[in-house]
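Geometric and topological summary
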Amino acid sequence: MLSFWKTLNGIVSEDVGKRGIQFLSSADDLKGAVETLSEAKKIAIFTGFIIRRELKGETDGPIGALFLARGLLRAGKDASIWTDFPHYKVIKAGLSFLKINIPLFNIPIIFGGELISAFWKEKFDLLISVERPGRSIDGRYYSYRGEDVSPYTSPLDEFFLEAKRRGVPTIGIGDGGNEIGMGKIRPQILEKLPRGAKISTIVSTDYLVVSGISNWGAYALLAGISKLNGIPDLLPDPGEEIELIKCAVEAGAIDGVRVEPTATVDGLSQEVLREKLREIESCVRD
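Counting restarts for each chain, with residues numbered from 1 along the sequence as it is written. Only residues with pLDDT of at least 70 are given local features in this predicted model, and only at 80 or more are side-chain atom pairs given and counted; all residues enter the totals for whole chains, interfaces and linings. Side-chain figures throughout are based on the complete set of non-hydrogen atoms in the structure, without hydrogens or water.

**A closer look at helix H11 (residues 270–285)**
By the criteria applied, helices consist of DSSP H or I runs no shorter than four residues and strands consist of E runs no shorter than two, each listed in order from the N terminus. Between the first and last residue of a helix there are one fewer steps than residues, each counted as 1.5 Å, and that sum is the expected span. In this model H11 runs 23 Å from its N-terminal to its C-terminal C-alpha over 16 residues, within 8% of the 22 Å that 1.5 Å per residue would give. By the burial criterion, the buried members of H11 are Leu273, Lys276, Leu277, Ile280, Glu281, Cys283 and Val284. Buried residues of H11 fall within an arc of 160° about the axis and therefore sit on the same side. Taken together, the buried residues of H11 touch helix H1 (2–12), helix H9 (214–229) and helix H10 (238–250). Per-residue accessibility, obtained with a 1.4 Å probe over protein chains only, is compared with the maximum for each type, and a residue is labelled buried under 20%, exposed over 50%, and partly exposed between these values. The arc in question is traced by the directions running from the helix axis to the C-beta atoms. Note on contacts: a residue pair is in contact if any heavy atoms of the two residues lie within 4.5 Å.

**Focus on the packing of aromatic side chains**
Each Phe, Tyr or Trp ring (for Trp, its six-membered ring) is paired with any other whose centre lies within 6.5 Å, and the angle between the two planes then decides the class: stacked below 30 degrees, edge-to-face above 60, tilted in between. Under the criterion given, the structure shown has 14 aromatic pairs. For the pair phenylalanine 46 and phenylalanine 119, a centre-to-centre distance of 6.0 Å together with 50° between the ring planes defines the contact as tilted. With a gap of 73 residues between them, phenylalanine 46 in strand S1 (residues 42–47) and phenylalanine 119 in helix H5 (residues 113–121) connect regions that are remote in the sequence. What makes phenylalanine 46 buried here is its relative accessible area of 0%. Here the aromatic rings of phenylalanine 46 and phenylalanine 160 are separated by 5.1 Å at their centres, their planes lie at 65°, and the arrangement is edge-to-face. A residue pair is termed long-range when its members are at least 10 positions apart, and phenylalanine 46 in strand S1 and phenylalanine 160 in helix H6 (residues 157–166) qualify at 114 residues. Residue phenylalanine 160 is classed as buried on the basis of its relative accessible area, which comes to 2%. Here lysine 42 stacks its cationic end above the ring of phenylalanine 124, 5.4 Å away from the centre of that ring. Put simply, a charge is over a ring when the Lys NZ or the Arg CZ is close to the ring centre, within 6 Å, and near the line of the ring normal, within 35 degrees.

**With respect to a positive patch on the surface**
Two distance rules govern patches: like charges are joined within 9 Å, and nonpolar side chains (Val, Leu, Ile, Met, Phe, Trp, Tyr) within 5 Å, applied only to residues with over 30% relative accessible area and no salt bridge. Computed by Shrake-Rupley with a 1.4 Å probe, the accessible areas treat only the displayed protein chains as cover when residues are assessed. One side-chain nitrogen of Lys or Arg within 4 Å of one carboxyl oxygen of Asp or Glu is enough to make a salt bridge. None of His or the chain ends enter the tally, which takes Lys and Arg as positive and Asp and Glu as negative. Throughout, a charge is located at the NZ atom of Lys, the CZ atom of Arg, the CG atom of Asp or the CD atom of Glu. Side chains of Arg53, Arg145, Arg195 and Lys198 sit close together on the surface and give a patch of like positive charge. As for its placement among the helices and strands, arginine 195 is situated in the loop between helix H7 (186–192) and helix H8 (196–199).

**What to know about the confidence of the model for the protein chain**
Note: pLDDT gives the predictor's confidence per residue, expressed from 0 to 100. This prediction gives the protein chain a mean pLDDT of 96; 100% of its residues lie at or above 70. Ranking the helices and strands of the protein chain by mean pLDDT puts strand S6 (residues 126–130) first, with 99, and H7 last, with 93.

**Description of the sheet that holds strand S7 (residues 170–174)**
Ordered in space as S5-S4-S1-S6-S7-S8, the 6 strands form an open sheet in which the pairing is parallel. Of all strands in the sheet, those with a lone pairing partner are strand S5 (104–106) and strand S8 (207–210), marking the two edges. Here the average twist between neighbouring strands, direction ignored, is 20°. Here, strands pair whenever DSSP counts at least two bridges between them. Where S6 and S7 come together, 4 bridges link them in parallel fashion. Its bridge partner being in S7, leucine 127 is matched across the sheet by threonine 170. Axis lines are fitted through C-alpha atoms, for helices just across the contact stretch, and the angle between N-to-C directions can take any value from 0 to 180 degrees. Where helix H2 (residues 27–39) meets the sheet, it contacts S1, S6, S7 and S8, and its direction lies at approximately 120° from that of S8. Against the sheet, H9 makes contact with S6, S7 and S8, and its axis sits at roughly 140° relative to S7, the strand it touches most.

**A word on the nonpolar core**
The biggest cluster of nonpolar side chains holds 61 residues, and the ones touching the most others in it are Leu8, Leu37, Ile45, Leu68, Ile81, Ile128 and Leu221. A per-element tally of this core places H9 first, with 8 residues. With residues near it in sequence (within four places) discarded, leucine 8 still touches Leu30, Ala220, Ala223, Gly224, Ile280 and Cys283. Ala44, Leu156, Phe159 and Val168 belong to the second-largest nonpolar core, a separate cluster that totals 17 residues. In this text, buried Ala, Val, Leu, Ile, Met, Phe, Trp, Tyr and Cys residues form a nonpolar core when linked through side-chain atoms within 4.5 Å.

Written out as structure tokens, the structure is:
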């Protein structure tokens, strides 16, 4: 199994954005994340990263979160998705497209302790973030380009900070250093990534999955669960992924790199996306 984790980690951490992230990934963290997920029963998934120029959410993150939620349901787990404007409409459309019925929560920009208390009454035993902003050292939220997106971002990382205080396990998935979880390797981000001192988050998670695009990190979790527990059909079909991306774009999402409403992710063509899913599927089969 050791070679499986190394191979899978290498596949999903391919540095397609030339950000230097491949050197920050860890097969051990991926393995630990999957093992923890395998034991969890009730899971809260957080996602959604806004593109300030258009005030629209990007296709990276929600797509992975949606397929992750479906896969967890198929694995017999309880999952919900937590987000904010404008990702709510996109994710709602995606849930309808995939024909899955799970709780979806739209959290306001400003919320207090009452909401946090209500959240923890649900007794979640694992929190997962898929491409969700984590606060920087100055308390603000930044895009990879260094734009301040704080006015449009609900502080959902507060749940991860509270999880640490409560001893509830957490998993972060990111590709740029500014997402929830990346605080675990902040010193390396400061050294390796441009604008790292400004954009890097201080919010860490117990396990961190660093991937070329964050959707791939979500697929890595599904691939690991499938391999570890012998559960088939957890991963999306390559064609199905493209159709869900189209659905997301119709609902208002955009490609975060192209900053255009194209059925692509982080500037990558549909063929590149299809081929990556084939690689992940092949890794599970082998």
